[in-house]
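Commentary on secondary and tertiary structure
For reference, the chains in residue letters:
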Amino acid sequence: MKGVSAVQSVEPVNELAIVDTFTKLIFEEDDTFTADEVSIIQALRLADTTVVFDSYADMGMYLRALGVEEMIDLVSKVQRCLADVEQSPRQITSASSAAYRLS
């Protein structure tokens, strides 16, 4: 798994940015992610703890296996998680730091 730092978000992330990042993971297009994409991936790890320790390739396989409704639900969860970061960055930072210290 790549090193993970606290989720950082500068401005609201729209659904399309989340879907684009998921698509990049699913098709393993690139192992280089922008800061926004890394924040989305970190929020995914917080929103769905089944992928918290997964590599990017494993996350892509997980996302590929989701149904449409599950994907829509997950995009919403990630979006809410990112919105929570904007409202309360210390709380999310502390939670994510604790989760990733175990890796």
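What counts, and at which threshold
Residues numbered from 1 in each chain as written. Predicted model: local features only at pLDDT ≥ 70, side-chain atom pairs only at ≥ 80, totals over all residues. Heavy atoms only, no water. Axes fitted to C-alpha atoms, helices over the stretch in contact; angles between N-to-C directions. Helix = DSSP H or I, 4+ residues; strand = E, 2+ residues; numbered from the N terminus. Parallel < 35°, antiparallel > 145°, perpendicular 65-115°, else oblique. Contact = heavy atoms within 4.5 Å. Nonpolar A, V, L, I, M, F, W, Y, C, P; charged D, E, K, R; others polar. Phe/Tyr/Trp six-rings, centres within 6.5 Å; stacked < 30°, edge-to-face > 60°. Buried < 20%, exposed > 50% of the residue type's maximum accessible area, 1.4 Å probe, protein only. pLDDT = per-residue confidence, 0-100.

A few words on the packing of helix α1 (residues 15-26) against helix α3 (residues 56-65). The N-to-C vectors of α1 and α3 enclose an angle of 110 degrees; their axes lie 7 Å apart at closest approach. With respect to each other, α1 and α3 are oriented roughly perpendicular. Residue-level contacts link F22, L25 and I26 of α1 to Y56, M59, G60, L63 and R64 of α3. Looking at the contact of α1 with α3, its residues break down into 6 nonpolar, 1 polar and 1 charged.

On to the packing of aromatic side chains, then. Any two aromatic rings considered together are summarised by their centre-to-centre distance and by the angle between their planes. Taken as a whole and judged by the stated rule, the model has 1 aromatic pair. Where F33 meets Y56, the ring centres are 4.7 Å apart and the plane angle is 70 degrees; that geometry is what we call edge-to-face. A residue pair is termed long-range when its members are at least 10 positions apart, and F33 in the loop between α1 and α2 (35-47) and Y56 in helix α3 qualify at 23 residues. The same class applies to F33 as to Y56, namely buried.

Averaged over the chain, the pLDDT score is 80; the fraction of residues at 70 or greater is 71%. Taken element by element, the predicted model of the chain shows its lowest mean pLDDT in helix α5 (residues 89-101) (46) and its highest in α3 (96). Across residues 1-5, where pLDDT falls below 50, the model places 13 contacts with residues more than four positions away in sequence or in other chains. Low confidence marks residues 91-103, where pLDDT is under 50. Its contacts with residues over four positions away, or in another chain, come to 20 contacts.

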